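Residue strings, one per chain:
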Amino acid sequence: STVMVVLMCGGVFAQGTFVPQGSAVVPAVHIRYKDAYNQNRPSITLTNITNETIRVKVSMFDHTGDDISHFGTVYVGSRTSSSASMVTTGDNVFEIPAHSSRRYSGYNRHTAPIYIFGYAKIEWAANDPQLTKALVATCIHYGSSKVSSSHSWFAERYLINNGQPF
């Protein structure tokens, strides 16, 4: 019965632990909010290229190495609306169904001045232990700036892991 207790505890521990099968680093994540007209936000589009649902964990770290993942919001697209729908906010572990995509936005809810630069780490796990590659991803930094009466929007896009599956 001691063996049974150990096995049961091991099973519970495994359910609550995220054990990644693959990962990639997202360099140069910038988050800035000065006011409604001057801001920068990162947005990571993640696509599951497998035939099964995978679990994804996006961890963001600021310039001092502190985990700021709670800033994130996960979205799914829409075929009936011109805006994405929020899946979860403040939770950096989420699921992506087979052949589907999600967007992880690093910062959407701030109205106080802030300027953060750092990096993000994307990790994934699946039920199939044989999977070695499950995601492709792109990062967009978008924002706006206003100088005098001139207001402009900008976006900068780059491939994560050179566009290769990880």
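It should be noted that the structure appears before, not after, this text.
These numbers were taken from a predicted model, which means no experiment stands behind them.

### Remarks on the pairing of strand 2 (residues 38–48)
On a regular strand, each side chain points to the face opposite its neighbour's, so the side chains alternate between the two faces of the sheet.
1) Next: With nine of eleven residues buried, strand 2 lies mostly within the body of the structure.
2) Next: In terms of strand pairing, strand 1 (residues 22–35) meets strand 2 through three bridges, oriented antiparallel. Across the sheet, the residue bridging to Arg32 is Asn40, located in strand 2.
3) Next: Between the end of strand 1 and the start of strand 2, which pair antiparallel, lie two residues.
4) Next: Note that strand 2 and strand 9 (residues 135–147) share ten bridges and pair antiparallel. Pairing of Gln39 across the sheet is with Ser144, part of strand 9.

### Thoughts on the nonpolar core
Across soluble globular proteins, nonpolar side chains have a tendency to be buried as a group.
1) Next: In this structure, Val26, Ile44, Leu46, Val56, Ile122, Leu135 and Ile160 are the most contacted members of the largest nonpolar core, which totals 32 residues.
2) Next: Sequence-distant contacts of Val26, that is, excluding residues within four places in its chain, are made with Ile44, Tyr119, Ala120, Ile122, Cys139, Tyr158 and Ile160.

### Concerning the side chain of Asn38
1) Next: Along the chain, Asn38 falls in strand 2.
2) Next: Polar side-chain contacts of Asn38 include one of 2.9 Å to the backbone nitrogen of Lys146.
3) Next: The residues touching Asn38, leaving out its near neighbours within four places in the chain, are Arg32, Tyr33, Ser144, Ser145 and Lys146.

Each value, and the rule that gives it
Residues numbered from 1 in each chain as written. Predicted model: local features only at pLDDT ≥ 70, side-chain atom pairs only at ≥ 80, totals over all residues. Heavy atoms only, no water. Buried < 20%, exposed > 50% of the residue type's maximum accessible area, 1.4 Å probe, protein only. Helix = DSSP H or I, 4+ residues; strand = E, 2+ residues; numbered from the N terminus. Pairing = 2+ DSSP bridges. Core = buried A, V, L, I, M, F, W, Y, C linked by side-chain atoms within 4.5 Å. Contact = heavy atoms within 4.5 Å. Polar contact = N/O pair within 3.5 Å; in protein donor to acceptor, adjacent residues only side chain to side chain.

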